[in-house]
2 protein chains.
Amino acid sequence: MNVILLSGGSGKRLWPLSNNVRSKQFIKIFKNSNGEYESMLQRMYKGIKDADPAAKITIATSKSQISSIINQLGDNVQISKEPCRRDTFPAIALAAAFLHDVGNVKETEPVVICPVDPYVDSSYFKALSKLSDLAEENKANLTLLGMEPTYPSEKYGYIIPQNKNDVSKVECFKEKPDLNTAKEYISRGALWNGGIFAFKLGYLLQKCHELIDFSDYSDLFDKYETLEKISFDYAVVEKEPNIQVLRFNGSWKDLGTWNTLTEAMDENVQGNAILDTTCKNVHVVNELDAPVICMGLENVVISASVQGILVADKNQSSYMKPLVDSLKESVRFAEKSWGEYKVIDSTGESLTVKVTLRAGHKMNYHAHQNRSEIWNIVSGEGKVILDGAEQNVSAGDIVKIPVLCKHTIIAKSDLQILEVQLGKEISASDKIKYELN
Amino acid sequence: MNVILLSGGSGKRLWPLSNNVRSKQFIKIFKNSNGEYESMLQRMYKGIKDADPAAKITIATSKSQISSIINQLGDNVQISKEPCRRDTFPAIALAAAFLHDVGNVKETEPVVICPVDPYVDSSYFKALSKLSDLAEENKANLTLLGMEPTYPSEKYGYIIPQNKNDVSKVECFKEKPDLNTAKEYISRGALWNGGIFAFKLGYLLQKCHELIDFSDYSDLFDKYETLEKISFDYAVVEKEPNIQVLRFNGSWKDLGTWNTLTEAMDENVQGNAILDTTCKNVHVVNELDAPVICMGLENVVISASVQGILVADKNQSSYMKPLVDSLKESVRFAEKSWGEYKVIDSTGESLTVKVTLRAGHKMNYHAHQNRSEIWNIVSGEGKVILDGAEQNVSAGDIVKIPVLCKHTIIAKSDLQILEVQLGKEISASDKIKYELN
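Now for a description of the structure that goes with this document. Computed from a predicted model, the values in this text were never measured in an experiment.

## As for the overall build of chain A
Thought 1: The helix and strand tally for chain A stands at ten helices and 30 strands.
Thought 2: Compactness check: chain A gives a C-alpha radius of gyration of 24 Å against a globular reference of 22 Å for 437 residues, within 12% of the reference.
Thought 3: The long-range fraction of contacts in chain A, counting pairs at least 24 apart against all pairs at least 6 apart in sequence, stands at 66%.
Thought 4: Of the roughly 18,600 Å² of accessible surface on chain A, a fraction of 45% belongs to carbon and sulfur atoms.
Thought 5: Between the centroid of the 50 positive side chains of chain A and the centroid of its 57 negative side chains there is a distance of 1 Å.

## What about the pattern of salt bridges?
Opposite charge on two side chains permits pairing when their charged atoms draw close.
All names here are of chain A.
Thought 1: For the structure on display, the rule yields 36 salt bridges over all chains.
Thought 2: A salt bridge links glutamate 184 to arginine 188; the shortest N-O distance between them is 3.3 Å.
Thought 3: Linked through salt bridges whose partners overlap, the residues forming this network are Arg22, Glu287 and Glu335.

## Let's talk about the environment of Thr150(B)
All names here are of chain B.
Thought 1: On the secondary structure map, threonine 150 appears in the loop between β8 (142-147) and β9 (157-161).
Thought 2: For threonine 150, a relative accessible area of 67% gives the class exposed.
Thought 3: C-alpha of threonine 150 to C-alpha of phenylalanine 173: the two residues are 23 residues apart in sequence and 18 Å apart in space.

## Let's talk about the sheet that holds strand β15 (residues 273-275) of chain B
Backbone-to-backbone hydrogen bonds pair the strands of a sheet. The strands run either parallel or antiparallel.
Thought 1: Strand order across the open sheet formed by six strands is β14(A)-β16(A)-β18(A)-β19(A)-β17(B)-β15(B), with mixed pairing between neighbours. Of all the strands in the sheet, the pair left with one neighbour each is β14 (269-270) of chain A together with β15 of chain B.
Thought 2: Where β15(B) and strand β17 (residues 292-295) of chain B come together, three bridges link them in parallel fashion. Across the sheet, Ile274(B) pairs through a bridge with Ile293(B), a residue of β17(B).

## Regarding the packing of helix α1 (residues 40-51) of chain B against helix α4 (residues 122-137) of chain B
Helices that pack against each other are described as a pair by the angle of their axes relative to one another and the distance between those axes.
All names here are of chain B.
Thought 1: Direction vectors running N to C along α1 and α4 enclose 60°, while the axes themselves pass 9 Å from each other. Between α1 and α4, the angle is such that the two are oblique. Read as a crossing pair, α1 and α4 show a hand that is right-handed. On α4, the residues that touch Arg43, Met44, Gly47, Ile48 and Ala51 of α1 are Tyr124, Phe125 and Leu128.
Thought 2: Tallied by class, the residues present in the contact of α1 with α4 amount to six nonpolar, one polar and one charged.

## Section: helix α3 (residues 88-101) of chain A
Residues and elements named next belong to chain A.
Thought 1: With 14 residues, α3 extends 20 Å between its outermost C-alpha atoms, agreeing within 8% with the 20 Å of an ideal straight helix rising 1.5 Å per residue.
Thought 2: The buried fraction of α3 amounts to eleven of the 14 residues, a majority that puts the element mostly inside the structure.
Thought 3: Restricting attention to buried positions, one finds in α3 the residues Phe89, Pro90, Ala91, Ile92, Ala93, Leu94, Ala95, Ala96, Ala97, Phe98 and Leu99.

## Quick look at the relation of the copies chain B and chain A
Thought 1: Mapping chain B onto chain A calls for a screw motion: a turn of 179° about the axis and a shift of 0.0 Å along it, with 0.1 Å RMSD after fitting. One copy is carried onto the other by what is essentially a two-fold rotation axis. Proximity to the rotation axis, assessed at the C-alpha, singles out Ile344(B) in chain B; its C-alpha lies 3.2 Å from the axis.
Thought 2: Comparing interface residues between copies, 100% of those in chain B also lie at the interface in chain A; the contact surface is shared.

## Comments concerning the interface of chain B and chain A
Thought 1: The interface of chain B with chain A comprises 54 residues on the first partner and 54 residues on the second.
Thought 2: Counting each side, the surface lost to burial between chain B and chain A is near 4,200 Å², with a carbon and sulfur contribution of 69%.
Thought 3: Area buried by chain B at its contact with chain A is led by Ile293(B), Met295(B) and Ile309(B), which between them contribute 17% of it.
Thought 4: Where chain B touches chain A, the interface holds four salt bridges.
Thought 5: Between Lys400(A) and Asp397(B) there is a salt bridge, with its nearest N and O atoms 3.8 Å apart.
Thought 6: When residues in the side of chain B that touches chain A are grouped by element, the largest group, six residues, is from strand β19 (residues 308-313) of chain B.
Thought 7: Counted by class, the side of chain B that touches chain A contains 31 nonpolar, 14 polar and nine charged residues.
Thought 8: By the bridge criterion, four bridges tie strand β19 (residues 308-313) of chain A to β17(B) in an arrangement that is parallel. The residue of β17(B) that forms the bridge with Ile309(A) is Val292(B).

## Some remarks on the packing of helix α1 (residues 40-51) of chain A against helix α2 (residues 63-73) of chain A
All names here are of chain A.
Thought 1: Packing of α1 against α2 leaves a shortest axis separation of 10 Å and a crossing angle of 60°. The angle between α1 and α2 falls in the class oblique. As α1 packs across α2, the resulting crossing turns out to be right-handed. Contacts from Leu41, Gln42 and Tyr45 of α1 reach α2 at Ile69, Gln72 and Leu73.
Thought 2: In terms of residue class, the contact of α1 with α2 is made up of four nonpolar, two polar and no charged.

## Examining the packing of aromatic side chains
Ring pairs (aromatic) are described by centroid distance and by the angle formed between their planes.
Residue and element names in this part refer to chain B.
Thought 1: What the rule picks out here adds up to 30 aromatic pairs over all chains.
Thought 2: Seen from their ring centres, phenylalanine 197 and phenylalanine 232 are 4.6 Å apart, and the 5° between their planes marks the pair as stacked. One end of the pair, phenylalanine 197, is in strand β11 (residues 191-200); the other, phenylalanine 232, is in helix α8 (residues 232-235), and 35 residues separate them in sequence. The two residues phenylalanine 197 and phenylalanine 232 agree in class, both being buried.

## Quick word on the sheet that holds strand β15 (residues 273-275) of chain A
Thought 1: Overall, mixed pairing links the six strands, which are arranged β15(A)-β17(A)-β19(B)-β18(B)-β16(B)-β14(B) in an open sheet. Two strands bound the open sheet, and with one partner strand each, they are β15 of chain A together with β14 (269-270) of chain B.
Thought 2: As paired elements, strand β18 (residues 300-305) of chain B and β19(B) share six bridges and run antiparallel to each other. Bridging from a neighbouring strand, Ala304(B) pairs with Ile309(B) of β19(B).

## A short note on the pairing of strand β12 (residues 243-248) of chain B
Residues and elements named next belong to chain B.
Thought 1: The buried count for β12 comes to six of six residues, which makes it a mostly enclosed element.
Thought 2: As paired strands, β8 and β12 are joined by six bridges and run parallel to one another. Paired with leucine 142 across the two strands is isoleucine 243, which belongs to β12.
Thought 3: Pairing between strand β10 (residues 167-174) and β12: three bridges, direction antiparallel. Counted as the bridge partner of serine 168 is valine 245 from β12.

## Side note on the pairing of strand β20 (residues 333-336) of chain A
Residue and element names in this part refer to chain A.
Thought 1: Here β20 pairs with strand β21 (residues 339-347) via four bridges, running antiparallel. Looking at β21, one finds that phenylalanine 333 is bridged to lysine 342.
Thought 2: The turn linking β20 back onto β21 is made up of two residues.

## Topic: unusual backbone geometry
Thought 1: Here the bond from Trp15(A) into Pro16(A) is cis, since omega is 5°, no more than 30 degrees from zero.
Thought 2: Its location among the elements puts Pro16(A) in the loop between β1 (2-7) and β2 (30-31).
Thought 3: A positive phi angle is found at Asp387(B), which is not glycine, with a value near 45°.

## Focus on a positive patch on the surface
All names here are of chain A.
Thought 1: Together, Lys63, Lys81, Lys431 and Lys433 make up a region of like positive charge exposed at the surface.
Thought 2: Structurally, the position occupied by lysine 433 is in strand β30 (residues 432-434).
Thought 3: Judged by relative accessible area, lysine 433 falls into the exposed class, the value being 58%.

## A few points about the state of the cysteines
Thought 1: If you walk through the whole model with that rule in mind, you get zero disulfides over all chains.
Thought 2: Cysteine Cys84(A) shares no disulfide, and the gap to the nearest cysteine sulfur, in Cys208(A), comes to 16 Å.
Thought 3: Assessed through its relative accessible area of 17%, Cys84(A) is described here as buried.
Thought 4: Cys294(B) takes part in no disulfide bond, and the closest cysteine sulfur to it belongs to Cys279(B), at a distance of 5.4 Å.

Each value, and the rule that gives it
Every residue gets a number counted from 1 within its own chain, in the order that chain's sequence is written. All chains are assigned letters beginning at A, and all ligands numbers beginning at 1, according to the order in which they are written. Two thresholds apply to this predicted model, a pLDDT of at least 70 for residue-level local features and 80 or more for giving and counting side-chain atom pairs, whereas whole-chain, interface and lining totals are computed over all residues. Heavy atoms throughout the structure, all of them, feed into the side-chain values; hydrogens and water do not. Strands are runs of DSSP state E lasting at least two residues, helices are runs of H or I lasting at least four, and both sets are numbered from the N terminus onward. The globule rule used here is 2.2 Å times the number of residues to the 0.38 power, and the radius of gyration it is set against is calculated over C-alpha atoms. Throughout, a residue-residue contact means that at least one pair of heavy atoms, one from each residue, lies within 4.5 Å. We get accessible surface area from the Shrake-Rupley algorithm with a probe of 1.4 Å; when it comes to residues, only the shown protein chains can shield them. A positive count includes Lys and Arg, and a negative count includes Asp and Glu. His and the chain ends are not counted in either. The location of each charge is read from NZ of Lys, CZ of Arg, CG of Asp or CD of Glu. By convention in these notes, a salt bridge is any Lys or Arg side-chain nitrogen within 4 Å of a carboxyl oxygen on Asp or Glu. Residue exposure (1.4 Å probe, protein chains only): buried if accessible area is under 20% of the type maximum, exposed if over 50%, otherwise partly exposed. Each pair of strands is called paired provided DSSP finds at least two bridges between the two strands. Lines are fitted to the C-alpha atoms to define the axes, a helix being fitted only along its stretch in contact, and any angle between axes, read from their N-to-C directions, falls within 0 to 180 degrees. Any angle that is under 35 degrees is reported as roughly parallel, and any over 145 degrees as roughly antiparallel; angles of 65 to 115 degrees are reported as roughly perpendicular and all others as oblique. Left-handed describes a crossing whose near helix is turned anticlockwise from the far helix through less than a right angle; right-handed describes the clockwise counterpart. We call Asp, Glu, Lys and Arg charged. Ala, Val, Leu, Ile, Met, Phe, Trp, Tyr, Cys and Pro are nonpolar, and the rest, Gly among them, are polar. Expected helix span is taken as 1.5 Å per residue step, with the number of steps being one fewer than the number of residues. When the copies are overlaid, the least-squares fit takes in C-alpha atoms only where the residue has pLDDT of at least 70 in both copies. Buried surface area refers to the total accessible area, computed with a probe of radius 1.4 Å, that the two partners give up upon joining, counted for both partners together. Between rings of Phe, Tyr and Trp, where Trp is taken as its six-membered ring, a pair exists when centres lie within 6.5 Å; planes separated by under 30 degrees are stacked, by over 60 edge-to-face, and by other angles tilted. Patches here: salt-bridge-free residues with over 30% relative accessible area, like charges joined within 9 Å, nonpolar side chains (Val, Leu, Ile, Met, Phe, Trp, Tyr) joined within 5 Å. Disulfides are defined as cysteine sulfur pairs within 2.5 Å.

Structure representation (structure tokens):
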């Protein structure tokens, strides 16, 4: 099975665990069978691989998420990189071309597309295999997965099938209806459209060439920025007469808000927190060291990270985006391919960052125009290069990096560094990159 | 007027703004006329001085609070230091002996005793002067201030006066009554006992010598640890037949819980926080840099510091002590006579502390057996002494302090230091003090 996982999204609705760098699919909030916390991305990736060990997964994502994806899935994950954001049709077109030209997938092979962030159980992964098989049978150009509605939702699009069989031709699609219309759709056997579908690669490539003037993957990649922002539903699905849908009645949840996310948590508390006995339906996710104490609360979600603290009535939390927008805050933590960083203190003219560099990884070789830096090596061993000169460092060592000094550090073992940045204008954009000779 | 301010209390009920080092009277939560935040201690001290610039104030407190008091009131504040905790009678006896033998207060002079932590307005300070005058008149051995009850509280002791005149002889005292009994007391003109009273110094010293075998202040100080733990009410007040009470109907509040404290806050938010429009009766005190977002909450108090985060229904917050006790946490911030410190990061084998040292102050000259330290000078100028060798330092400089190296720093200007402690057993008790030659 070939699967393209679409990894997009921003970090506003699950603040403060998400931010402009960490989107919701990267939040580690679900306990796996080993008792470790994993993210939606890790859960989805592993679920597909468990159901079909031969599955070839490609993650279609923007440049800004690649580092986080490698951090969570490892260096060997296959990624179709979008040079910029251009909605789902250009993203799927690019990934399809990538599969064909880079991944050597044949035009006769089926490909399954699904978003990275629904919360599902093992029946979902079986349904993806079935979807792939249906695409291979080729009785329709597109095969969708349609979720059996559990209530007459006003926030999903609906697929109206011709009949209520397991697999049925699609009669039409309906956008988000009002409550009564939703009830009426459901009585006709309508299904939620979760943006999950399969096709033969050749079919899709042909559609892409009809709509976009490009020769191959490399050409499409180069002109990606010039492409129109258009959704796959609008560009392809709604115009295709020959579509079928596979009914799915397993677990499928959109965990896009704190309210829905906490419903999927295995325990009420993650991290250091105490709920008193009078708390009802309270969830806490605390990424800070210091404890949270909750008393006498009902239907409340609390989340704390170095980015900030949310305390919200669960229903009300759905409306948080404008509040987060109003903060105009800088990113205070991120997971990167090489490790992670976290701002632990800031004053007017200093910023202290805790950096974790994983064994074998290194920073870019770079310099700053407006700040000096001090590295306090807290644990581990590494090699520092300052303006070309190498030195070995280990716990307790200090490295002074003057303004404009080119610097990098290579981790021999996992390294923890406290980086003290000093300067009048400290900014993430003050970074000149160099090649290491 | 001579005033002894009793500064005791622990830091459990206003966690996380209070801890084992910062008691509630040190929390800066009240806006003064200049728009600056001040503590109960600062408010009380300034209020007495404003009402009577000639007032001689002595603060009776335990060793552990002295540094915080000097931090907030300056180096010139007069303090009667209790070598250990021994309840209010020994504390007042020691302070009385201190006033007589160190402060040269005559036995004929009146002395007013009051706790440092009620929340009051200017009428209270006038009442203290009146109390002092009444003690000087000497119509009774003890003169109490009795607060007109505003409701039939079950948590205060009551003073039953002989009549309802402004000044009346006391008939008897009653401990915390039930609701109906409280109502009955109030109908008889009863007053709340806030532990505020005045006497002639000679009277009290005589009582002290009757109950404790000591010669003078120095002798009493030396044997303080051997004294019985007994309250002033029990040792003196309840046994004294000749007591009068001054009625007081001005503002007087006991801000001992988050519920009562937030009632006295001028604004709903102190620090970086946003309340959405659906929040009702929500108060936030945030000492962290990162923002707090509150949505859809009612009657909730939120407080955040490096010590932790409290989210509590206001009524429920009164019951927090056992929860805080269960944390068994270490102190993560403190204000000291020389400045302040705050733990900003901790891992298994490192602790990072942000230290602010005020101009002209210095650390003790000391060394550690089980940890090395690195000082990152973030701002300011100072002089470092390492094993006797001096060096000047300023922003950007680094000082490495190996295990057992004697070290101190003297602040020439206000200094900010990030101290990285490295070792397998990092403990506040690992400190050997030395004299500087």
